[in-house]
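Chain by chain, the residues run as shown.
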Amino acid sequence: MVEVTKKKTRKLDTPILQSIFDGIPDGILVINREYKVVMCNDAIRKFMEKPSDEIRDHDCFYLCHEYNQACSDCAAHAVFSNSTPPSRIRECFKGNLKRRFEIWNFPIKNENGEVNYMIEYIKDVTDRQHMEKELNHARRLAIIGEVAAKTAHEIRNPLNAMQGAAHYLLEEYADDPKIQKYLNLIKDQISRLDGVSSDLLESARPRLSFGKKTLINSAILKSIEVVDSDMRDRKISIEIFLDERLPELRFDELRMQQVFINLLKNGCDAVGLNKKGVIEIVGHLKQVKGEDFVEISIIDNGVGIREADTDKIFNSFYSTKENGTGLGLSIVKDIMTSHGGYVFVESTPNGGTCASVGLPIQ
């Protein structure tokens with residue numbers, strides 16, 4: 001009677017185990033010593049988009065990564081030696097989408113304590129890591145706010161003093177057009193710096209102040225004046241090609257100056273001192289997903305951006321410059337998003353960089 005009960009139980013083992021595995025949302029593989037898959041759950045079948053008979057009895061390393069031998073970070077040897085290794089992170093592609101998986105491996109022991117099979121437990125942590133990244137980004141922005149709150153008072157005092165001095169000199173040298181030009185430039189940049197300090201205190205995302213419709217040319221030319229001295233010191237020439245059909249737009253001029261100044265400075269730094277530098281500013285009409293935009297591209301013939309860095313350049317605090325803050329392109333992206341526009345960067349190592357921003361016409 002006992003023997004019959006045992007046989008019935010053994011017959012139920014596999015379907016019960018399979019039902020349990022299929023109810024788990026994370027992927028599960030059972031692998032033998034020959035690296036063959038002997039069991040898998042529904043999550044694995046859905047991810048691989050294959051039926052069970054195309055997964056079972058196949059090499060795990062070929063199924064998962066199309067390798068012809070065991071993966072370099074494979075934990076099977078440790079598991080079959082009766083130990084439980086730590087988890088590891090693996091990147092895999094499904095179509096053109098890159099996903100990140102955390103993988104645990106556990107031994108399955110028989111009655112004699114021998115390990116003939118192991119469980120590979122696979123959890124998709126892509127979204128979790130993205131959330132952690134966003135949280136870290138929010139924490140960093142909070143740190144910026146804290147630092148800004150402590151330093152804003154000290155920054156504004158000298159700014160007020162400079163503003164007063166510039167106002168006095170404007171009246172004192174009212175008949176000198178050259179001095180008037182540079183003093184007005186100083187006053188404009190003092191106001192812009194004071195606005196940036198206020199934004200850091202109030203919010204990580206800049207507030208916009210839209211004025212009347214105007215051509216984008218004004219913001220571009222004022223931005224060039226700010227970096228003109230640096231460009232002349234580095235012997236960088238600038239060429240402007242703006243489509244005559246560009247319409248007037250409604251935008252925050254101070255914020256757009258901030259965008260162009262950041263991009264022009266990046267171009268200057270990319271060209272460096274040991275090269276005949278050229279920066280082109282090209283403006284034209286462009287249609288994106290049925291909407292009309294004015295697109296301004298700033299193109300340099302500098303060192304370009306490494307492919308490994310292209311996905312990170314808009315991240316706050318990420319910089320390839322020795323003394324960079326890593327905030328320039330992050331600020332540019334925030335400002336363009338707030339305008340309902342866009343920014344993207346195309347670059348080739350040692351082949352220059354093209355940074356483009358788009359403002360909606362409507």
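Now for a look at the structure at hand. (Residues numbered from 1 in each chain as written. Predicted model: local features only at pLDDT ≥ 70, side-chain atom pairs only at ≥ 80, totals over all residues. Heavy atoms only, no water.)

1. Description of the packing of aromatic side chains
Part 1: Under the definition given, this model contains 5 aromatic pairs.
Part 2: With a centroid separation of 6.0 Å and 65 degrees between ring planes, the pair formed by tyrosine 35 and phenylalanine 61 is classed as edge-to-face. With tyrosine 35 in the loop between strand E1 (27-32) and strand E2 (37-40) and phenylalanine 61 in helix H3 (residues 60-65), this residue pair connects regions lying 26 residues apart in the sequence.
Part 3: Of the residues examined, phenylalanine 61 reaches a relative accessible area of 10% and is grouped as buried. (Phe/Tyr/Trp six-rings, centres within 6.5 Å; stacked < 30°, edge-to-face > 60°. Helix = DSSP H or I, 4+ residues; strand = E, 2+ residues; numbered from the N terminus. Buried < 20%, exposed > 50% of the residue type's maximum accessible area, 1.4 Å probe, protein only.)

2. A short note on the side chain of glutamine 257
Part 1: Secondary-structure assignment places glutamine 257 in helix H8 (residues 253-271).
Part 2: With residues up to four places along the chain from it excluded, the contact list for glutamine 257 reads Gln189, Ala219, Lys222 and Ser223. (Contact = heavy atoms within 4.5 Å.)

3. Quick notes on the environment of phenylalanine 314
Part 1: Position of phenylalanine 314 among the secondary structure elements: in the loop between strand E8 (291-300) and helix H9 (328-338).
Part 2: In this structure, the C-alpha to C-alpha distance between phenylalanine 314 and glycine 328, residues 14 residues apart in sequence, is 8.3 Å.

4. Description of the sheet that holds strand E9 (residues 342-347)
Part 1: Strand order in this open sheet of 5 strands is E6-E7-E8-E10-E9, and the pairing throughout is mixed. Whereas interior strands pair on both sides, the edge strands pair on one side only; in this sheet they are strand E6 (237-242) and E9. Within this sheet the neighbouring strands show an average axis-to-axis angle of 20 degrees, counted without direction.
Part 2: Where E8 meets strand E10 (residues 353-360), 8 bridges bridge the pair, whose relative direction is antiparallel. By the bridge assignment for E10, glutamate 295 is matched with glycine 358.
Part 3: Its contacts with the sheet place H8 against E6, strand E7 (278-288), E8 and E10, and it is angled at close to 30 degrees to E8. (Pairing = 2+ DSSP bridges. Axes fitted to C-alpha atoms, helices over the stretch in contact; angles between N-to-C directions.)

5. Focus: the state of the cysteines
Part 1: Summed over the entire model, instances satisfying the criterion amount to 0 disulfides.
Part 2: Free cysteine: cysteine 60, not disulfide-bonded; nearest cysteine sulfur from cysteine 74 at 6.0 Å. (Disulfide = S-S within 2.5 Å.)

6. Here's the deal with helix H7 (residues 217-233)
Part 1: The end-to-end C-alpha distance of H7 is 24 Å, a good match for the 24 Å that 17 residues give at a rise of 1.5 Å each.
Part 2: In H7, a bend of some 50 degrees at valine 227 exceeds every other bend along the element.
Part 3: All buried positions along H7 are accounted for by Ala219, Ile220, Ser223, Ile224, Val227 and Met231.
Part 4: The secondary structure elements touched by the buried residues of H7 are E6, H8, E7 and E8.
Part 5: Positive phi shows up at lysine 235, right after H7, with a value of about 60 degrees. (Expected span 1.5 Å × (residues − 1). Bend = angle between axes of the 7 residues up to and from the residue.)

7. Considerations on unusual backbone geometry
Part 1: Phi is positive for tyrosine 35, close to 65 degrees, though the residue is something other than glycine.
Part 2: Backbone geometry at aspartate 57 places phi at a positive 65 degrees, although glycine is not the residue there.
Part 3: Secondary-structure assignment places aspartate 57 in the loop between helix H2 (42-48) and H3.

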